[in-house]
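The lines below spell out each chain.
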Amino acid sequence: ELHQIKGVEYAEKVPLMKTDILPNDPIFPAHLTQVNAANAWNVFSGSSNITVAIVDNAVMWTHQDLVANTYTNTGEIAGNSIDDDGNGYVDDRNGYDVADNDNNAVPTNTLMDHGTHCAGIAGARTDNTVGIASIGWNIKIIPVKTEPDLGSVNAISFGYEGIVYAANAHARV
C-alpha cells in the first residue's frame, strides 16, 4: 500500500523491538525469575476476568498490595446481613470465612499469614511501586479463610468447605 502512494520510492517493514516487561515493584521474588514470568508477561499480563481463590488459613485482602486485586461480589450488598445473591453465604462481598461462617476472611492473628503470603505470590498488584510483584499481575483473588478465629496459625481445618465456596464463587483456579 505504501508503494502505491505518490512520492514514496521505498518502504520496508521495520521490526518492533521490545524488552521484557519488568515491573517496578521493589520486591521481584526469585520464583518469578525461575518460572520466566517476565517473558510470559510479554504475551499476557493478566486479566481482571480471571479469579483465583486463595483457600488458606486467612487472607489480609485489605493489604495495600492486594486490595485493588481483590474480587468483589457485586451480587451482595455489604453489611445488610442478607444473602442477596442467594449463594448460601451472607454478605460475601470480598470472600468468605468458611470456618466461622462469616464474611471476614482477614486474619485475626498476626501469625496467621500464610494465606496473605500466597495471595501476594498469586495476585498482588504488580507494577505499582509497592511491595511484591506477582505471577498473576492483574487477576482477581477471592479470599477464603479456612481456619477459625482462635484456631491454629499453621492449619487449614475447613479446606473442603473453602473449595466448595470457591467453586460457588466461580473461581477459575
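See the structure printed just above.
Residues numbered from 1 in each chain as written. Predicted model: local features only at pLDDT ≥ 70, side-chain atom pairs only at ≥ 80, totals over all residues. Heavy atoms only, no water.

Engineer: Which parts of the structure should I look at to understand the sheet that holds strand S3 (residues 140-145)?
Structural biologist: Hydrogen bonds between backbone atoms are what pair the strands of a sheet, whose relative direction is either parallel or antiparallel. Spatially, three strands are ordered S1-S3-S2 in an open sheet, and the strand pairing comes out parallel. In the strand order of this sheet, the two ends are held by strand S1 (51-56) and strand S2 (96-97), each with one partner. As paired strands, S2 and S3 are joined by two bridges and run parallel to one another. For tyrosine 96, the partnering residue across the bridge sits in S3 and is valine 144. Each of S1 and S3 touches helix H3 (residues 114-123); the most contacted strand, S1, lies at about 160° to it. Across the face of the sheet, helix H4 (residues 159-168) comes into contact with S1, S2 and S3 while running at roughly 165° to S1. (Pairing = 2+ DSSP bridges. Helix = DSSP H or I, 4+ residues; strand = E, 2+ residues; numbered from the N terminus. Contact = heavy atoms within 4.5 Å. Axes fitted to C-alpha atoms, helices over the stretch in contact; angles between N-to-C directions.)

Engineer: Looking at this structure, I do not really get the pattern of salt bridges. What am I missing?
Structural biologist: Pairing between side chains of opposite charge can happen when the charged atoms of each approach one another. In this structure the tally under the stated criterion is three salt bridges. Aspartate 97 is the salt-bridge partner of lysine 145, the closest N and O atoms lying 2.9 Å from each other. You can see lysine 145 sitting in strand S3 and its partner aspartate 97 sitting in strand S2, a full 48 residues away along the chain. Between aspartate 100 and lysine 145 there is a salt bridge, and its shortest N-O distance comes to 3.0 Å. In this pair, aspartate 100 sits in the loop between S2 and H3 while lysine 145 sits in strand S3, placing the two residues 45 residues apart along the sequence. Taking relative accessible area as the criterion, lysine 145 reaches 0% and is therefore assigned buried. Bridged by salt links that share partners, the residues Asp97, Asp100, Lys145 and Asp149 form one connected network. (Salt bridge = Lys/Arg side-chain N within 4 Å of Asp/Glu carboxyl O. Buried < 20%, exposed > 50% of the residue type's maximum accessible area, 1.4 Å probe, protein only.)

Engineer: Explain H3 to me, please; I cannot follow it from the model alone.
Structural biologist: Quick reminder: α-helices carry 3.6 residues per turn. Residues three or four places apart thus point the same way. Those residues of H3 that sit buried are Gly115, Thr116, Ala119, Gly120, Ala122 and Gly123. Its buried side turned inward, H3 meets S1 and S3.

Engineer: Help me understand the pairing of S3 in this model?
Structural biologist: Along a regular strand, successive side chains alternate from one face of the sheet to the other. A large share of S3 lies buried, amounting to six of its six residues. Neither face of S3 is left uncovered, since the one carrying Lys140, Ile142 and Val144 and the one carrying Ile141, Pro143 and Lys145 both have all their residues buried. Both S1 and S3 contribute to a ladder of six bridges, which runs parallel. Looking at S3, one finds that valine 55 is bridged to valine 144.

Engineer: What's the story with the side chain of asparagine 57 in this structure? I'm lost.
Structural biologist: Topologically, asparagine 57 is positioned in the loop between S1 and S2. Judged by its relative accessible area of 1%, asparagine 57 falls in the buried class. A distance of 3.1 Å separates a polar side-chain atom of asparagine 57 from the backbone nitrogen of glycine 115. Engagement of the side chain of asparagine 57 in a polar contact is seen with the backbone oxygen of valine 153, the distance being 3.1 Å. In contact with asparagine 57, not counting residues within four places along its chain, are Met112, Asp113, His114, Gly115, Lys145, Thr146, Glu147, Val153, Ala155 and Ile156. (Polar contact = N/O pair within 3.5 Å; in protein donor to acceptor, adjacent residues only side chain to side chain.)

Engineer: I tried to follow the packing of aromatic side chains on my own but got confused; where do I start?
Structural biologist: Two measures describe an aromatic ring pair: the distance that separates the ring centres and the angle between the ring planes. With the rule as written, the count across this model stands at five aromatic pairs. Summarising the aromatic geometry, the rings of tryptophan 41 and tryptophan 137 are spaced 4.8 Å apart at their centres and angled 70° between planes, so their arrangement reads as edge-to-face. Of this pair, tryptophan 41 sits in helix H2 (residues 37-43) while tryptophan 137 is found in the loop between H3 and S3, placing the two residues 96 residues apart along the sequence. Residue tryptophan 41 is classed as buried on the basis of its relative accessible area, which comes to 3%. Since its relative accessible area comes to 8%, tryptophan 137 is described here as buried. With a centroid separation of 4.6 Å and an interplanar angle of 90°, the aromatic rings of tyrosine 89 and tyrosine 165 are classed as edge-to-face. With tyrosine 89 in the loop between S1 and S2 and tyrosine 165 in helix H4, the pair connects residues that are 76 residues apart, well separated along the chain. The burial state of tyrosine 89 is the same as that of tyrosine 165; both residues are buried. (Phe/Tyr/Trp six-rings, centres within 6.5 Å; stacked < 30°, edge-to-face > 60°.)

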